[in-house]
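Take a look at the letters that make up each chain.
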Amino acid sequence: MENLLVNETLLVVLILVATLVSVVARRIRLPYTVALVLVGLVITVWRPLDIELTPELILSLFVPPLIFEAAFHVDLRLLRSTLPSILMLAVPGVLLTTFFVGAIVALGTGLPFATAIVFGALIAATDPVAVVALFRELGVPRRLAVAVEGESLFNDGTAIVIFRIALVTAVSGVFDPVDGLFDFLQVALGGMAVGLALGWVTAQLITRLDDRLISATLTTLLAYGSYLVAEQMHVSGVLAVVVAGLLAGNLGVTSTSPVTKSMIFNLWEYLAFIANSLVFLLIGLDIDLPQLWSNLGSIAVAVVAVLLSRAAVVYGLSWLISLSGSRARVPPSWRHVLFWGGLRGAISLALALSLPANLPHREILQAMSFGVVLFTLLGQGTTIKLLLKRLGLIERPEHVLERERHLGRLLAIQGGLRRLERLHRDGVLIDEIWEGLRDDYAHTRNTLGGEIHRLFAEHAELERELLLQARREALQAEHGALIDALRQGLLSEKIFSELRADIERRLEALALIQASVQSRRQPPAGG
Amino acid sequence: MSSIICATRGGEACRRTQEKAVALAKEQGAELTFLYVADSSFVGPVDKSLADAVTDEMARLGRALLRVAQLRARDQGLAAQTVVLQGTVQQSIKDHLRQVEASTLVIGAPRTGTPPQTFTPPEIQRFAQAMRQDLDIEVLVVT
């Protein structure tokens, strides 16, 4: 009982510290994950706390909600358009990173190659939490955010699988490439299959029940349940959560009522905030500064290895993708963001902490891992905003923001009006109140309409953006109509697939056009 | 009757360019055509179905933009025509001007200090100069 109270107090204090840090970080415009690590470090130096950050704690408690929330918010349509580049970076990219980092670290530190490869694998997964939070705040192109987030989602899974194979090889001294490949496929595909099955069932339940509390509970069960079931089956828990999150977010929640949607989104935003806050604060608290200091040389080699490997993988694979003529080409400016935004975080630390005690050079590997994570968070995490600015990826003119603001207000008003109309129709609102509120809403809507017209007259290019946006909305509605027609048996699967592919291609085309009108890549065409 | 072509693409300068073209056509009693070129060359080497979809969607966007311009011209008492072409922008405009034996080309140029635009004012001026020399027509650049 006393232990429970001690742990509860500790948890409350940690959450309190995290909340205060996030308030201050927002004021001084520092990524809050970076601020949390720094505060954790300061606390450790000032008064070390007796907290043991175990790999189980990170992997089974913090990672599922973090990954689930990220996957849950990813738009499958956007993900599909960038999938080839994401998969290139997340599968061959992770393998190449493992090898490059391993080779450079082995050469630079004198560690045995097999041990260095273990480090290469554990440090291969990117964790762009700090970067993605910044993306959302600054409004970088959605496809870029999806590319960064998508890579991280999938490379977590692949890195963990490769890490386990590398670890067995390092301990046993035996590596069979065929067995290794078979294990990799079994664990990765098995994890995805678990996520697919549980995610699909949960998505169906959420759609059918459409009850905010039950749906929110189901998503929580799915996040932790898919991880646990997959791990029990000795397949990738992380990949199971990724796939489950994608399905729940794209199939389940999209067709629920606004109340359910809002409840689920708020719940996951909150859970991700808590998990993120605790995990990064704990990282700061768990850093052993004397150990880092005594391994400074190895850490420097590891940092150089990670940066060189990231550059080789991002620029090399992006170049290959552009040569292949794939539609998922990575624009040059995005390559720099992918390179410098390749931060390392919770997964790498969890894997470093999970290294068996009898593994030779375990302490050096752990020091290098913490050192690299610290460098990427403090060095790259704090400077990525400058890079985005320099590349012109966050330039959002005031009139564009104003239009977005007006549009948001207009949509909110329409939503409110629809709700009031429904309440009136159901007899909840008496005629006089309904008419009074309706007129007030209509007045606000007209005022807003006037302001939008004025904005369009002053900034003619906004009309083109609105046209593109309207066309995208219309295509999405067409997509919905096709699904309805399929359900009603008016269309065969074959024709449905054909028509859906055409709509998806058109949506992709619109995304390309949108990107081109926002950059200077389109050729001259007149006013 | 002289023929004015107003090449437009929905950019920052499009509204004032179209208004200038309408005013000019009314003043000269000329026939006005709004022109849009769907040029998908910017997408680079992608598969044909996607390139076709981009061209098609650009043409659709162009038709909508020109329809808006046409309605605004009508509000000012002018019946304008619209033409959407597919191909590379400068060559398509040039070919069209030659084909209809246009007397004037009206194009817009972004104002200095506006957000990133499709092409820069010097590029537009060079294009205008080339049209004047090659086709011997009047070219009006609206800024």
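Bear in mind the structure is a predicted one, so any value in this text is a computation, not a measurement.

This part covers the packing of aromatic side chains. All names here are of chain A. Applying the stated criterion to the full structure yields 7 aromatic pairs over all chains. Ring geometry for phenylalanine 72 versus phenylalanine 265: centroids 5.4 Å apart, planes at 55°, classification tilted. Here phenylalanine 265 lies in helix 12 (residues 258–286) and phenylalanine 72 lies in helix 3 (residues 55–73), a separation of 193 residues in the sequence. With 5.9 Å between their ring centres and 50° between their planes, phenylalanine 339 and tryptophan 340 make a pair best called tilted.

As a further point, take the pairing of strand 4 (residues 104–108) of chain B. Residue and element names in this part refer to chain B. The element strand 4 is largely enclosed, with a buried count of 5 among its 5 residues. Pairing between strand 1 (residues 3–7) and strand 4: 3 bridges, direction parallel. Note that in strand 4 the partner of isoleucine 4 across the bridge is threonine 104. Inspection of the sheet shows strand 4 paired to strand 5 (residues 138–142) by 5 bridges, in the parallel sense. Considered in strand 5, the bridge of valine 106 is made with leucine 140.

A word on the confidence of the model for chain B. Looking at chain B as a whole, its pLDDT mean stands at 87, while 92% of the residues score no less than 70. Under the prediction, the complex receives an ipTM of 0.89, its pTM being 0.64.

Our next topic: empty space enclosed by the protein. Under the definition given, this model contains 2 cavities of 30 Å³ or more. Taken as a whole, the second largest cavity holds about 30 Å³ of empty space. Around the second largest cavity, the lining residues are Glu463 of chain A together with Gly10, Cys14, Gln18, Leu65, Val68, Ala69 and Arg72 of chain B. Every element with two or more residues in the lining of the second largest cavity is listed here: helix 1 (14–28) and helix 2 (48–75) of chain B. In terms of residues, the lining of the second largest cavity owes the most to one element, helix 2 of chain B, which gives 4 residues. Here the residues of the lining of the second largest cavity are counted per class, giving 4 nonpolar, 2 polar and 2 charged.

Attention shifts here to helix 9 (residues 177–209) of chain A. Residue and element names in this part refer to chain A. Here helix 9 is 33 residues long and its end C-alpha atoms lie 47 Å apart, about the 48 Å a rise of 1.5 Å per residue gives. All of the buried residues in helix 9 are Gly180, Phe184, Val187, Ala188, Gly190, Gly191, Val194, Gly195, Gly199, Thr202, Ala203 and Ile206. In this structure, the buried side of helix 9 is in contact with helix 8 (142–172), helix 10 (212–232) and helix 11 (237–252). Phi turns positive one or two residues past the end of helix 9, at aspartate 210, with a value near 45°.

With that settled, consider the environment of glutamine 204 of chain A. All names here are of chain A. By the element assignment, glutamine 204 lies in helix 9. With relative accessibility at 23%, the residue glutamine 204 sits in the partly exposed group. Separated by 47 residues in the primary sequence, glutamine 204 and leucine 251 place their C-alpha atoms 7.8 Å from one another. A polar atom in the side chain of glutamine 204 sits 2.8 Å from the side chain of arginine 208.

The subject of this paragraph is the packing of helix 5 (residues 92–109) of chain A against helix 6 (residues 113–122) of chain A. Residues and elements named next belong to chain A. With their axes 7 Å apart at the nearest point, helix 5 and helix 6 run at an angle of 135° to one another. As summarised for this structure, helix 5 and helix 6 are arranged oblique, according to the angle between their axes. Crossing hand, helix 5 versus helix 6: right-handed. Touching Thr98, Phe99, Val101, Gly102, Ala103, Val105 and Ala106 of helix 5 are Phe113, Ala116, Ile117, Phe119, Gly120 and Ala121, all from helix 6. Along the lines of polarity and charge, the residues of the contact of helix 5 with helix 6 split into 10 nonpolar, 3 polar and no charged.

All chains considered together, the criterion is met by 20 salt bridges over all chains. With its nearest N and O atoms 3.7 Å apart, the salt bridge here joins arginine 471 of chain A to glutamate 478 of chain A. It is possible to trace a salt-bridge network through shared partners that takes in Arg471, Glu478, Asp502, Arg505 and Arg506 of chain A together with Asp56, Glu57 and Arg60 of chain B.

What counts, and where the lines are drawn
Residues numbered from 1 in each chain as written. Chains lettered and ligands numbered in written order. Predicted model: local features only at pLDDT ≥ 70, side-chain atom pairs only at ≥ 80, totals over all residues. Heavy atoms only, no water. Phe/Tyr/Trp six-rings, centres within 6.5 Å; stacked < 30°, edge-to-face > 60°. Helix = DSSP H or I, 4+ residues; strand = E, 2+ residues; numbered from the N terminus. Buried < 20%, exposed > 50% of the residue type's maximum accessible area, 1.4 Å probe, protein only. Pairing = 2+ DSSP bridges. pLDDT = per-residue confidence, 0-100. 1 Å grid on protein atoms, 1.4 Å probe; cavity = no way out; pocket = protein on both sides within 12 Å on 5 of 7 lines; lining within 4 Å. Points joined across faces, edges and corners; volume = space filled by probe spheres on them. Nonpolar A, V, L, I, M, F, W, Y, C, P; charged D, E, K, R; others polar. Expected span 1.5 Å × (residues − 1). Contact = heavy atoms within 4.5 Å. Polar contact = N/O pair within 3.5 Å; in protein donor to acceptor, adjacent residues only side chain to side chain. Axes fitted to C-alpha atoms, helices over the stretch in contact; angles between N-to-C directions. Parallel < 35°, antiparallel > 145°, perpendicular 65-115°, else oblique. Left-handed = near helix turned anticlockwise from the far one by under 90°. Salt bridge = Lys/Arg side-chain N within 4 Å of Asp/Glu carboxyl O.

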